[in-house]
Amino acid sequence: MATGAAAWLPFARAAAIGWMPVASCPMPLAPRDNRKKQDELIMLNVSGRRFQTWRTTLDRYPDTLLGSSEKDFFYNEETKEYFFDRKLHYPRHECISSYDEELTFFGIIPEIIGDCCYEEYKDRKEKTWNDFKMTKRRTRTQSCQT
């Protein structure tokens, strides 16, 4: 990019102060960044709550619902958005810490988790927190003994 600018910059400076450039051919065009394509803004509607993101952001995760072509089943032509309407459930096989991180990332409060699995979510979160505190205490006790 600096090479392209170096080619025409002396001519631009000369023209700016009223000098005639000596070149017999027209100045080269300013360089363009052809790598950057126009990105598309995507609208997501999750149970009435709207989110916006860039298509390239979703394309980085092709193994997910939003990153794959499966999301097209949820596209609403009238509103020009992807609409997901369902109760939020806690997947029992999911790591509680990862699940909490996802809730935080999407700005979802845990209280909207479906009634069928909210108690299990709370119990598992409490157990994980207690296990963490016990591990921390053991580590502190071991470091004091050495």
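Described in the following lines is the structure provided in the data block. As the structure is a computational prediction, the values presented were derived from the model and not from experiment. (Residues numbered from 1 in each chain as written. Predicted model: local features only at pLDDT ≥ 70, side-chain atom pairs only at ≥ 80, totals over all residues. Heavy atoms only, no water.)

**Here we look at the side chain of Ser68**
Definition in use: Secondary structure elements follow DSSP: runs of H or I of four or more residues count as helices, runs of E of two or more count as strands, with numbering from the N terminus. Pairs of N or O atoms are called polar contacts if they sit within 3.5 Å, as long as, within protein, a hydrogen donor faces a hydrogen acceptor (for residues adjacent in sequence, only side-chain-to-side-chain pairs). In this description, contact between two residues means that some pair of their heavy atoms is separated by no more than 4.5 Å.
Looking at the element boundaries, Ser68 is found in the loop between helix 2 (55-59) and strand 3 (75-76). There is a polar contact of 3.3 Å between the side chain of Ser68 and the backbone oxygen of Leu65. Among the polar contacts listed, one links the side chain of Ser68 to the backbone nitrogen of Glu70, at a separation of 3.2 Å. Not counting chain neighbours up to four residues away, the residues in contact with Ser68 comprise Tyr61 and Pro62.

**Considerations on the packing of aromatic side chains**
Ring pairs (aromatic) are described by centroid distance and by the angle formed between their planes. Our working definition: Centre distance within 6.5 Å is the pairing criterion for rings of Phe, Tyr and Trp, where only the six-membered ring of Trp is used; planes under 30 degrees apart are then read as stacked, over 60 as edge-to-face, and the remainder as tilted.
Tallied over the entire structure, the rule returns 7 aromatic pairs. Ring centres 5.1 Å apart and planes at 70 degrees place the aromatic pair Tyr90 and Tyr99 in the edge-to-face group. Through successive ring pairs, a cluster of aromatic residues spans Tyr90, Tyr99, Tyr118 and Tyr121.

**Section: unusual backbone geometry**
If you check the backbone angles, Lys80 has positive phi at about 60 degrees while not being a glycine. Counting through the fold element by element, Lys80 comes out in the loop between strand 3 and strand 4 (81-84).

**Quick notes on the pattern of salt bridges**
Inclusion rule: Counted as salt bridges are all cases of a side-chain nitrogen of Lys or Arg within 4 Å of a carboxyl oxygen of Asp or Glu. Classification of residues uses two cut-offs on accessible area relative to the type maximum, computed with a 1.4 Å probe and protein chains only: under 20% is buried, over 50% is exposed, and between them is partly exposed.
One pass over the full model with this rule turns up 6 salt bridges. A salt bridge links Arg55 to Glu40; its shortest N-O distance comes to 3.0 Å. Of this pair, Arg55 sits in helix 2 while Glu40 is found in the loop between helix 1 (2-16) and strand 1 (41-46), placing the two residues 15 residues apart along the sequence. Overall, the relative accessible area of 23% leaves Arg55 in the partly exposed class. With its nearest N and O atoms 3.3 Å apart, the salt bridge here joins Lys80 to Glu77. Using a relative accessible area of 48% as the deciding quantity, one classes Lys80 as partly exposed.

**A closer look at the sheet that holds strand 3**
Sheet strands pair by backbone hydrogen bonding; their relative direction is either parallel or antiparallel. What counts here: Here a strand pair is declared whenever DSSP counts at least two bridges between the two strands.
Strands sit in the order 2-1-4-3 across an open sheet of 4 strands; the sheet is mixed. Each having just a single partner strand, strand 2 (49-54) and strand 3 make up the two edges of the open sheet. Note: strand 3 against strand 4, 2 bridges, orientation antiparallel. Directly across from Tyr75, in strand 4, lies its bridge partner Tyr82.

**With respect to the environment of Phe74**
Here Phe74 lies in the loop between helix 2 and strand 3. Residue Phe74 is classed as partly exposed on the basis of its relative accessible area of 36%. Each C-alpha atom, one on Phe74 and one on Asn45, is 9.8 Å from the other, the two residues being 29 residues apart in sequence.

**So, the nonpolar core**
Where we set the bar: Here, nonpolar core means buried Ala, Val, Leu, Ile, Met, Phe, Trp, Tyr and Cys residues that are tied together by side-chain atoms lying within 4.5 Å of each other.
Counting 8 residues, the largest nonpolar core is built from Tyr90, Ile96, Tyr99, Leu103, Ile113, Cys117, Tyr118 and Tyr121. Of all elements in the fold, only helix 3 (96-106) and helix 4 (115-145) reach the threshold of two or more residues within this core. The next biggest cluster of nonpolar side chains, apart from the first, holds 5 residues, and it includes Ile42, Leu58, Tyr82 and Phe84.

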